[in-house]
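# Observations on the three-dimensional arrangement
Here is how the chains run, residue by residue.
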Amino acid sequence: MAKFMLFLLLLGIHSLLLFQAQARICMSCDMFMNGRCFHGEGKCVMEEGGACTTRDIYLLNVKGGFVYNHTVLECSKPCKASKETYFHLKISSFCCQSPDFCNRYKGKIVKQYAN
Ligand SMILES: *[C@@H]1O[C@H](CO)[C@@H](O)[C@H](O)[C@H]1NC(C)=O
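Below is a summary of the structure that appears in this document. (Residues numbered from 1 in each chain as written. Predicted model: local features only at pLDDT ≥ 70, side-chain atom pairs only at ≥ 80, totals over all residues. Heavy atoms only, no water.)

### Overview of the site of the ligand
Put simply, the test is: Here a residue counts as near a molecule or strand whenever at least one of its heavy atoms sits within 4 Å of it. We call two N or O atoms a polar contact when they sit within 3.5 Å, provided that within protein one can donate a hydrogen and the other can accept it, with sequence-adjacent residues counted only if both atoms are side-chain atoms. Surface accessibility follows the Shrake-Rupley procedure with a 1.4 Å probe radius. Residue values consider only the protein chains on display as shielding. Working definition: helices are DSSP H or I runs of at least four residues, strands are E runs of at least two. Numbering for both runs from the N terminus. Ten residues, namely Ala, Val, Leu, Ile, Met, Phe, Trp, Tyr, Cys and Pro, are considered nonpolar, four, namely Asp, Glu, Lys and Arg, are considered charged, and the remaining ones, Gly among them, are considered polar.
Every residue lining the ligand is accounted for by Met31, Met33, Leu59, Asn69 and His70. Within the side chain of Asn69, one N or O atom sits 2.3 Å away from an oxygen atom of the ligand. Here the ligand loses 46% of its free accessible area of 360 Å² to cover by the protein chains. When contributions to the shell around the ligand are tallied by element, the ones reaching two or more residues are β1 (24–33) and β5 (66–76). Class assignment of the residues belonging to the shell around the ligand gives a composition of three nonpolar, two polar and no charged.

Written out as structure tokens, the structure reads:
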């Protein structure tokens, strides 16, 4: 009986280590600008097959060009690098899978125009 308990314990420890080896932590933030989170800072755990995501949000200006406004950081699954344009909004998405918090380095540092 004691042997069986030990076996279960080892099995538990083993799966815990396995889980920790795979889990990646990403930064989450609703309003990230110039390398800093101004609103909604937190962490999220990347799911298997998912990624840490960076979304640069651009807004249409009066001249009809898109101007960088802020960045959103999150975990997503699936994560697909993309550029999507809505009426007055453009969202540029990037994905990364390592290291932990890799998405915090991808946010735009300076205001820029994007085509
Ligand atoms: C643009 O950024 C400002 C902060 O500089 C923020 O308050 C505002 O909500 C953002 N606009 C949009 C449409 O997300």
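### Looking at the state of the cysteines
We count it as follows: When two cysteine sulfur atoms lie within 2.5 Å, the pair is treated as a disulfide.
One pass over the full model with this rule turns up five disulfides. Paired through a disulfide, Cys26 and Cys52 show a sulfur-sulfur distance of 2.0 Å. Between Cys26 and Cys52 the sulfur-sulfur dihedral comes to about -80°; the bridge is accordingly left-handed. Pair noted here: Cys26 is in strand β1 and Cys52 is in strand β4 (residues 51–60), with a separation of 26 residues, a long-range link. With a sulfur-sulfur separation of 2.1 Å, Cys44 is cross-linked through a disulfide to Cys75. For the disulfide bridge between Cys44 and Cys75, the dihedral angle about the S-S bond is near 95°, and by the sign convention the bridge is right-handed.

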